[in-house]
Structure formats: C-alpha cells, structure tokens
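Each chain, written out:
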Amino acid sequence: MTADPKVREYEAGTYDVVVVGAGHAGCEAALAAARMGQKTLLITISLEMLAFMPCNPSVGGPAKGVVVREIDALGGEMGRNIDKTYVQMRMLNTGKGPAVRALRAQADKAAYHRSMKDTIEKEDNLDLRQGLVERLLVEDGTCVGVVAATGARYRAKSVVLTAGTSSRGKIIIGELMYSSGPNNSLPSIKLSEDLERQGFKLRRFKTGTPPRVDGNSIDFSQTEEQPGDTTPHAFSYETPDSVYLKDQMSCWMTYTNETTHTIIRANLDRAPMFSGVIKGVGPRYCPSIEDKVVRFADKPRHQLFLEPEGRDTEEYYVGDFSTSMPEEIQLKMLHSVAGLQHAELMRPGYAIEYDVIEPWQLTATMETKIVKNLFTAGQMNGTSGYEEAAGQGIMAGINAALRAQNKPGFTLKRSDAYIGVMIDDLVTKGTNEPYRLLTSRAEYRLILRHDNADLRLTEMGHELGLISDARYAKFQAKKAAIEDEIKRLETTRLKPSQVNDWLASINAAPLKDGVLASDFLRRPEVSYQDLMQFIPREMPLDHYVNEEVEISLKYAGYIEKEKQSIAKLERMEAKKIPDRIDYSAINGLATEARQKLTKIQPQTLAQASRISGVNPADVAILSVYVEQGRIAKVAPGA
Amino acid sequence: MAQTVTEYDTIAAISTPPGEGAISIVRLSGETAVQTANKLFKGKDLTKVATNTINYGHIIDPDSGEVVDEVMASVMRAPHTYTCEDIVEINCHGGIVGTNRVLQLVLGAGARMAEPGEFTKRAFLNGRVDLTEAESVMDLIRAKTDRAMQVAVDQLDGDLRKLITNLRQEILEVLAQVEVNIDYPEYDTDEMTTKMLREKAELVLGRVDELLQTANQGKVLRDGLATAIVGRPNVGKSSLLNHMLQEDKAIVTDVPGTTRDVLEEYVNVRGVPLKLVDTAGIRKTEDKVEKIGVERSRKAITQADLVLLVLDASQPLTAEDRELITLTKDKKRIVVLNKQDLPQQLDMAELADLVPETQLIRTSMLEVSGMDALDKQIKNLFFGGIENSQSTVMVTNARQSGMLRQAKASLKSVLSGIDAGMPIDLVQIDMTAAWDKLGEITGDAAPDELITQLFSQFCLGK
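Residues numbered from 1 in each chain as written. Chains lettered and ligands numbered in written order. Predicted model: local features only at pLDDT ≥ 70, side-chain atom pairs only at ≥ 80, totals over all residues. Heavy atoms only, no water.

Right, let's talk about the overall build of chain A for a bit. Of regular secondary structure, chain A possesses 21 helices and 22 strands. Here chain A has a C-alpha radius of gyration of 26 Å; the compact-globule value for 638 residues is 26 Å, and the two agree. Once the C-alpha set of chain A is aligned to its principal axes, its extents read approximately 90 × 70 × 50 Å. Sorting the 638 residues of chain A into buried and exposed places 62% on the buried side. Partitioning the contacts of chain A with sequence separation of at least 6, the portion at a separation of at least 24 is 73%. Accessible surface computed for chain A: about 23900 Å², of which carbon and sulfur atoms make up 50%. Both charge centroids of chain A, one from 80 positive and one from 84 negative side chains, sit 5 Å from each other. (Helix = DSSP H or I, 4+ residues; strand = E, 2+ residues; numbered from the N terminus. Rg over C-alpha atoms; globule rule 2.2 N^0.38 Å. Buried < 20%, exposed > 50% of the residue type's maximum accessible area, 1.4 Å probe, protein only. Contact = heavy atoms within 4.5 Å. Areas by Shrake-Rupley, 256 points an atom, 1.4 Å probe, with all protein chains shown as cover. Lys, Arg positive; Asp, Glu negative; His and termini not counted. Charge placed at Lys NZ, Arg CZ, Asp CG, Glu CD.)

As a further point, take the overall build of chain B. The secondary structure content of chain B amounts to 16 helices and 14 strands. Split into buried and exposed, the 462 residues of chain B put 54% on the buried side. Across chain B, every contact between residues at least 6 apart in sequence was considered, and the portion connecting residues at least 24 apart equals 68%. Split by element, the accessible area of chain B, about 19500 Å² in all, is 53% carbon and sulfur.

Another aspect to go through is the UniProt feature "binding site: K(+)" (unreviewed entry) in chain B. Residues and elements named next belong to chain B. Those residues carrying the UniProt feature "binding site: K(+)" (unreviewed entry) are Asn234, Thr253, Val255 and Thr258 in this numbering. Its place among the elements puts Asn234 in the loop between strand E8 (225-230) and helix H8 (237-245). Classification of Asn234 as partly exposed rests on a relative accessible area of 43%. (UniProt positions renumbered as here; feature names shortened; annotations may be inferred.)

Residues and elements named next belong to chain A. Scanning all chains against the criterion turns up 7 aromatic pairs over all chains. Ring plane angle 45° and centroid distance 4.7 Å describe the contact between Phe220 and Trp252, whose orientation is recorded as tilted. Here Phe220 is found in the loop between strand E13 (212-214) and strand E14 (224-226), whereas its partner Trp252 is found in strand E15 (residues 251-255), with 32 residues between them in sequence. Exposure remark for Phe220: the relative accessible area of 21% places this residue in the partly exposed category. (Phe/Tyr/Trp six-rings, centres within 6.5 Å; stacked < 30°, edge-to-face > 60°.)

All names here are of chain A. Within the structure shown, the criterion is met by 62 salt bridges over all chains. Residues Arg488 and Glu485 are paired through a salt bridge, measuring 3.0 Å at the closest nitrogen-oxygen approach. Of the two residues, Arg488 and Glu485 both sit in helix H13 (residues 469-491), 3 residues apart, roughly one turn of that helix. Its relative accessible area of 22% is what places Arg488 among the partly exposed residues. (Salt bridge = Lys/Arg side-chain N within 4 Å of Asp/Glu carboxyl O.)

Before going further, it helps to spend a moment on helix H14 (residues 496-505) of chain A. Residues and elements named next belong to chain A. Taken together, the buried positions of H14 are occupied by Pro496, Val499, Asn500, Trp502 and Leu503. Buried positions along H14 lie against strand E21 (493-494), helix H15 (517-521) and helix H16 (528-532). Positive phi shows up at Asn507, right after H14, with a value of about 60°.

Our focus in this paragraph is the packing of helix H12 (residues 453-464) of chain A against H13 of chain A. Each packed pair of helices is defined by two parameters, the angle between the axes and the distance between the axes. Residues and elements named next belong to chain A. As a packed pair, H12 and H13 sit with axes 10 Å apart at the nearest point and diverge in direction by 150°. Helix-helix and strand crossings are classified by hand; for H12 and H13 the assignment is left-handed. Residues Asp454, Leu455, Thr458, Glu459 and His462 of H12 touch H13, and the partners they reach there are Asp469, Tyr472, Phe475, Lys478, Lys479 and Ile482. Of the residues assigned to the contact of H12 with H13, the class counts are 4 nonpolar, 2 polar and 5 charged. (Axes fitted to C-alpha atoms, helices over the stretch in contact; angles between N-to-C directions. Left-handed = near helix turned anticlockwise from the far one by under 90°. Nonpolar A, V, L, I, M, F, W, Y, C, P; charged D, E, K, R; others polar.)

Our next topic: the nonpolar core. Counting 75 residues, the largest nonpolar core has Leu42, Leu50, Ile120, Met395, Ile398 and Ile419 of chain A as the members making the most contacts within it. Considering each element in turn, this core owes the most residues, 11 residues, to helix H10 (residues 386-404) of chain A. Beyond its immediate sequence surroundings of up to four residues, Ile419 of chain A is in contact with Val67, Glu70, Ile71, Leu74, Gly391, Met395 and Leu412 of chain A. Listed in part, the 47 residues of the second largest apolar core include Val100 of chain A together with Leu167, Val204 and Ala434 of chain B. (Core = buried A, V, L, I, M, F, W, Y, C linked by side-chain atoms within 4.5 Å.)

Take the sheet that holds strand E16 (residues 303-308) of chain A next. Residue and element names in this part refer to chain A. What the 6 strands build is an open sheet, ordered E14-E15-E16-E17-E13-E18; its pairing is antiparallel. Strands at the two margins of the open sheet, each flanked by one partner only, are E14 and strand E18 (345-347). The mean angle between the axes of side-by-side strands here comes to 35°, regardless of whether they run parallel or antiparallel. Bridge count between E15 and E16: 4 bridges; the pairing is antiparallel. Bridging from a neighbouring strand, Tyr255 pairs with Gln303 of E16. (Pairing = 2+ DSSP bridges.)

Residue and element names in this part refer to chain A. Within the open sheet, the 3 strands sit side by side as E3-E5-E4. Their pairing is antiparallel. Unpaired on one side and paired on the other, strand E3 (58-60) and strand E4 (86-92) mark the two borders of the sheet. On average, adjacent strands in this sheet sit at an angle of 20° to one another, irrespective of strand direction. Pairing of E3 with strand E5 (residues 102-107) involves 3 bridges; the strand directions are antiparallel. Paired with Ser58 across the two strands is Gln106, which belongs to E5. In the packing of helix H3 (residues 78-85) onto the sheet, the strands contacted are E3, E4 and E5, and the crossing angle to E4 comes to about 115°.

With that settled, consider the packing of H3 of chain A against helix H4 (residues 109-122) of chain A. All names here are of chain A. Taken N-terminus to C-terminus, the directions of H3 and H4 make an angle of 130°; their axes are 9 Å apart at the nearest point. On the basis of their axis angle, the class for H3 and H4 is oblique. Remark: the crossing between H3 and H4 carries right-handed chirality. Of the residues in H4, those touching H3 at Met78, Asn81, Ile82, Lys84 and Thr85 are Ala111, Tyr112, Ser115, Met116 and Thr119. Per-class residue counts for the contact of H3 with H4 are 5 nonpolar, 4 polar and 1 charged. (Parallel < 35°, antiparallel > 145°, perpendicular 65-115°, else oblique.)

Before going further, it helps to spend a moment on the side chain of Arg90 of chain A. With respect to the element layout, Arg90 of chain A can be found in strand E4. Here Gln226 of chain A takes part through its side chain, which lies 3.5 Å from a polar atom of the side chain of Arg90 of chain A. (Polar contact = N/O pair within 3.5 Å; in protein donor to acceptor, adjacent residues only side chain to side chain.)

As a further point, take the side chain of Thr209 of chain A. Residues and elements named next belong to chain A. As for its position among the elements, Thr209 is in strand E12 (residues 202-209). When its relative accessible area of 3% is taken as the criterion, Thr209 is described as buried. A distance of 3.2 Å separates the side chain of Thr209 from the side chain of Arg212, its partner in a polar contact.

It is worth spelling out the environment of Ile173 of chain A at this point. Residues and elements named next belong to chain A. Locating Ile173 in the fold gives a position in strand E10 (residues 170-173). Taking the C-alpha atoms as reference points, Ile173 and Pro348, 175 residues apart in sequence, are found 8.0 Å from one another. In this structure, Ile173 is in contact with Tyr178, Ser324, Met325, Pro326, Glu327, Gln330, Pro348, Gly349 and Tyr350, ignoring residues within four places of it in sequence.

A separate point is the confidence of the model for chain A. For chain A, per-residue confidence averages 92 on the pLDDT scale, and residues scoring 70 or more make up 97% of the total. Contacts from residues 630-638 of chain A, a stretch scored under 50 in pLDDT, to residues over four places away or in other chains number 16 contacts. (pLDDT = per-residue confidence, 0-100.)

Shown next, in the form of structure tokens:
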C-alpha cells in the first residue's frame, strides 16, 4: 500500500489528534486541540510554509474580519497573530451602520509566518513535524492515523485534514503547466488518491494570484496613497490600544487602462482561462484580470492595489491583477499601468488547480460522513480565503479534540456566528465554486457584528477550555459594565433645558418634553459621547463598552426584528433528525427531496428546509416522522 | 435571505364553512396569535386577558382607523388548545364580505394564510392528536399542501407574476448595490445612497399600493362587485335578475327615506358578492317598452365593474345590441345568450367577430338552464380562474393580498428608517423583507439570487 515499496513503514508515535497541513486552517486546528489538553501532532509538507499567505498580504475585511474576531473569541490564534505582525490597520465601512463595519490589516507575510510558528513551537502538547502525508489509516470505517512518505506511521484518535491547494495542485502560467502546491511548494498527490479510494467525491477548483513586483521599480507618485488609520483598532479582544502601531505602511491605488485591456484582448488565445486549459471552477468574486476585461467589456478601467508584502522585503503584491497569462504578456500588461511602467517582475501571477472534497460529505462538526473520526477543514473543503480556512480549522480542531475524548460535538448556528453560516452553507448546499464569506450570506448580520463577537462566543470558548479563567473574568466584567450602562441610560431622564442649547448649536430639533437618555440616544444626530456631556460618568468606560451600549440602544428596533426571526428559526433547529434515516422508506417524500435528503443527511429540520429541492411539504412530512419518533426507519447496518 | 420557516409562525384562516351564516370565525394559531389579533382589536387588551375568555370589541383597520366589524374574540392560551398553541377566534358577523375583510387585516398584521389542514397538522405535531392518525395526517399534508401550493401559484395571473417579478428585480438591483458597497467598500462602484434607496422604495411602494387598490378584493368584498345587467327591452334581463335574486341569495337593503330608484340589491354568487346596479331601471325598461334603455344602460355601464349583457338568441342582432356590445367592449363582461329554448336566429358568425367565445354563456330563463354556467363564469372572473386578458392586473386571493400588505409594511419601514436617519445597511433589512414577501407571492425564493446578482451586476476583485 505504501507509495514506494522500498520505503518501510514504522510506528512514529501515538497522538490524540493529528492535523495534516499547517496552513491557516491547520494551525488553528492544532492549537485548539492542544489547548484542549489533547496530545497533538501538526504535520506539514514544509515548515517554511506554515501559516504562509500565498496570495494577498492581508487579513480581515467585510465578513472575514468578523470571522477573525469570532476565532479570537473562541480562543483561536489568528487575531492575536495578525495584531503582532501587521503593517497597516484600517476600519472599513465606517460610513455605514454597525452591522457591516469591518477591520482589515495588511500583514507582514514573513513575520506572520514566523510568529505563528513560534506560537506553535512553544505550545505544550503540540508537536510540529515536516512530512508529506500519503494515506490514512482506516479501520472499520474509522480513521486511526496517517502514514507519511518517509514511512512514519502516526496513530491518532482523530485526524484533521487541511491540505489546502496542495491536493494534486497544478500551477498554470500561459502555456506552462506543472504539478505544484501553492508558491511552488511540493504538491500532495497520493493523499487525493487515497481519499478517492475511501469513497470521497472530489472535484477540481481553480484560483489564482497576481504578480509581485519590486517596490524600488514602482513610481508611487503616479498612484494614490492609502494610509492606515490613526485611531487604534485590533483584531484580538486581548490586544490593548497601547500597542497600536504608529509607523504604518501604506497601500497604493492605481488603475488599468485601455492599453492594458487591448493587450489582454489581443492575447486571449494564450490565456489558459479562455483557451480551455483550465478545467477547474474559479471563484466569481475573485476573477482574473482577463476575466474582468472580457466580462465587463464596457468598463474603461479597473482598480488595482499595490500592497507591501512586509517590512523586510521590497516585494509588492499587485492586488486585483490576478492572472495566468504567459509571463511575457504579464510583463506587457504590468508596464501599461500608471506607476508600473518600469516595474520589475519578481514573481509571475499564476492560476492553480486543485482537488477539493465536496463539502456536503461533512456533518456540521466537520467530520466526514464517510470515514469516522476524520475531519476536514479549509480550502480543501471548497472555500477560499485565510479567514474562512482558519474559522473551519478551529471548529475542526475543537471537534477532533472532543471526539478524541468521546465528548459530543460542538457546532455554531447561523445566528451564532459567520463561522456557523459558512459551515452550514458548505455542508447543506455544497458549493459550485470556491466559497467566500460575504455579509450577504448571513441572514442576521446585525446580530453577527464584529464588535460583539466576544459577547456571542466567549462563553462557549471558556466552556471548551480555550478561554482562560482570567480572560473570562475580564469578559464578564465588560458584559456587566455594558448592561449597567444600558440600565442607567434607560432610567435617566433628560430635560429640554439640559440639551436644547446643544441641539440648537448643531441645528437639530429641540426637545419639547423630557426624554429618557436611551431614547435621546436613538436620535441619529446624537452619539454616546454627546450624551456624556449631559450625564457624565465618574469613571468613563472603555470605548469597546461605549460602542456596545450605543449600538444596542440606537438600533434596538432592528436588532429586535432580527432576534424575532432567530427565535423562529431556532425552534426548527431544535428539531433534530435522527442519524442515517432511510429516506426511501418514508412515504410521501417527493423524489428529488428524497435524493437530496439522502445525500446531505441533514441534522435538523431547519437544515433540511434549507436544502434546495426540499419543499415545505417534504419538511412537513419529515417533521411528522421526527415528532413521531419513528426511528424504525433507520437504514439497516447504519 | 429567504428562509422557509413554516412551522411555528402564526397562521390564520376562516374556520367556518364558506357562505352565509349567522356568524363566521377567523381563527389564528401560533406564538403571536394574541398579539396579532390585538393589533386590530379595540376593546380589552387581549394580551392581558385570561385564557379561555371571550371578549367583546371591534375590529379596526389600522390604516384608516375605520371600524370593520363588531366581534367577540375568544382567547385560548397554549398548551390546552386544539393546536397546543395560542389561539384566537374572532367571531364576526356572518357574511363573506366582513369576514374576508377581517381575515385580510389579520394577514396584513403578520399572520400567514393557513394551508389546508394546517391547524390539524399542528395539533398532530404538538402531540394533541392521536399518533395512530399519523399516516392519514401525512396524506393530508401531501395532498393538500402540494395542491394548495399549486393552486396558489396557478392562480397567479401571468401579468401579475410579471409585475411582481419586475418589482422584485427592481429591489434586487438595489440590494445588490447596497451589498456591493458593503462587501467591497474600496471599489469604485457607485455608492447607493439613502436618497436612491428612498426613490426605489417609493416607486415599489406605489406599485404595491396600486395593486392593492385596483385589485383590492377587500374593497370589492366590502362594497360588492358593481354589476350591471344590460340589454335592450324584452331580452330577459328581468328574468335573469329574478333568477339571481332567488334561493334566498338576495340581500335587499332598504335604505330609509329613499325611493325605490336607489334601492340596492346584492346577490351572492358562489362567494362573490354582486351589487346590482340600477335594478329599478331594469324593471322600468321591461315595464314600458320605451327607448330610454340605451341611455340608462350607458350610465349603468360606467358605474359597473362587471357587465352582464343579455342578448336575445332568437332574434338577429339589432343596432341597439351592437351599440351595447361596443359600449361594454373594455369592461369585464359576460354576454348572456338567452332564449336558447326558441329557434335560433342570431348570426353567430357576426357575433363571434364582436365577442370572444370565452365571454359567451347560453341560457334559457324559461327552462332555467345555463344559470350554473353563468355563476361559474362570474366566480372565475372574480377569483381569476380565467382572467380577461384586457383587464388590468388583479390580485385575486387573500394570501396574495396579505403578502402584499406585509410587503407594504416593510417598504413603509424602509421609508421611516430613512427618515430616522438609519444607516443604509439597516434600512436594507426591511428592503430585503419586502423582497422576500413579494417572492412568497410568486413562489420564488431562491436564496442565492442575491449573490448571483451581485456578481453579474458588478465587476469585483479580491
């Protein structure tokens, strides 16, 4: 069974949890498992690629930034790690409402990798090893370990696979195509073959990355500067304002033009995207520049961002210029852009095709339905993005650790977290393209804010043992402060005489009668800070508390609306469907519904109702069975 | 995004058999049954009354403040009720007119129209009904919900579907624009402003209002469908009128202090209330063979929503007949070919050029034949079975208008949110709700629509 009959297998160690792959998913998974007291091994193709960012040098943004905070509230590492290694921090969407504000950091790629590696090396219970895993050890449908190319056989109670884009990866640059993982790393070939042997359905996805150029050759004067924020922000709830970086690096904005587009159009026959060379499905939200030029032919220009890859490097990432054109054409394209006329190419852009596991083969705990005690996470499950990977990684790590201890699994609902939305989408609907989190995927985004991720999830993190008692105590103090201040504002009255002069000074309508401070705060022109001039506190609260109080009161009406819909949904979520129902034995289900239900095996009635092709009548019939407890219709041998 | 949560929301339906009775009951069941009824109820605060009490009061239209009916409302609280959920039963005065209006208001206030058998289904799901009945309940669900869905969707007039689909598309484009601004804040896509959002919301609200008005079944149900029986003298108008007034179907309202000229007569044809216009005129022209008929008919036609044009099939078409056919050309119309019992003299080829076959009903007042077909035709016209292609778009059932009202409420919240200075991504919550409600009317609720729109409408990177 081994790859090479000359290599002899040997027993290399016994663990509670083995995590394969040390990308953003793998690192979170391994840290979570180790911190939950499980003896954990993190094994990866190259230690130099640990927590490596093969594409854009940034973390966060709309929806993704919220995920980073959710990871932090669950005791994960991504937030802390980026807080230690960013070169620029910006709050996005500040002009909009609280539901969609989003933090984004530009990362120092090398520092990010080093810092994460350092954290992992110092973690108790966690071994880090370089190695290429080639197959799973499966006994009676249960995964009991992995075997590496060197013959090392690692035994484990549960295994997490986070192979990323390495799985049968293929890099494509124009007419050039070669087998490779991201950034010319070793690809993983045999593991994919083994997964297929186990019965997994795999499919091909494609993604791409833009060229990197030498900063010394960029004429920044022809571009627009985008500096970072001066007001302190951080991803981790544990990072104090005092360490906020003053000396930040800027990004630079420039545009393509008609010349660029002409070059692209003239060479479409050499573009693998169009010549039919690329078979994998690419993401709609991250199109290559050639794709954009073709699909939006009437747009005269496209925005580009020049982003530093770090402090100790001159490499710049040409954001939004993802391409798999031949290198020769890439150069011409780059040189047509303002500021890049003399740019020196350091690394060409490329497309990469890779295998993914169709994610409907997983349950909500990220365990596969095909092999027990095997969990998968990250890009391997058909997502794209470091944050999406890390969010799945921590969930897979937590569940692998729980499984190793024979404890019940841990899941997040759609109303708990973006992570919950993402995993539910993946396991319920599968995905036909690399999946990216967008705020529009969440039904309750006013509840899933970035400012309240700790309020939503810290409790759970603490229960899992991932949040220390000290941090938990601090969190509870914050929560109490928020509640007390809300109560104070809801019981304090303001008289017209107190506030009318100020209202007049900002040209706002005066008060006729006294109002509660909480109601006064609901006026659009009034902020929490404004309110404090009339009803000051002896000890001002920290700005995170203020923010929470302000949002909770100001948008109470909308928050209430969302809470009502959540309450409705939750009762459907509470209706669990027994495992492995034989849907063919349930009379009355429509044929399409029967097929879909059999394939997805939803765990709750709510999940069943989200499957396309399952109609309300089918859900009703299913609910009759669930209520009736007629579990006799469970598939034999399940 | 659309979420199908059909299990526990508050449902409502008329629980008494259709038709005229001394009382009719609108029943609500679900978590917010009491709150929903209370929004419309003037009397005691229903949310505070004890369980199993019956309470006197009035149902008020919250939009106009108008009193709709004097009612008794029974409040029964979970779990000791038929469905094991909170139930309110509103006892209305009998008559489809008032009861339907109450139902409409209840649906507008947030309840959902119950699917057939749904109260029983809930009773079963909540363990109230014997488990041995499971299979039959399931058959019921399968048979009725599928059919109900089918009927609900089939009832949709093609024009209405088109109109609502267009409205949804308008909203979708706005939503996609808002989304793209949120998910791609640094891109040079146009910023959707609250001003633009307001314009769109007002536009859609206007259309929804028109729909609710032109086709406001509630209004028709309240006032009756103004119906004129026209035709030249001696074609059988009077007999037709008398047949329609037979079988206790007539509701004759004698308005005090008025002459017989303004007497209004109502008939109930298979649940459709018809207000007969100028019945006195019919009698008069039949009485005296005078040529005042056409002038009088012209007036009646302008007042009518529905025209029953009676022709004498035993005689060739006269100039007067042709004039009436022309006059009623753009009306909702049924052409009654009476006197089928006599030898037929009417030139059907000529008539076919003037009147589409679908509008023709053959009757004999003497032999009392064809009345059933006429009743059916009236019902179909009203409930939209065979919608007249030249008529304006019409919302034809309570479920649809209930959803329209809910969409309207969401659109109003959009506007009040903008007025209150709320940020666009919050206002958008209500805009999305309006989109969802409209989608429920047409049965379209594809959750990935928005995201697909996002990527087809904008050029995005990252």
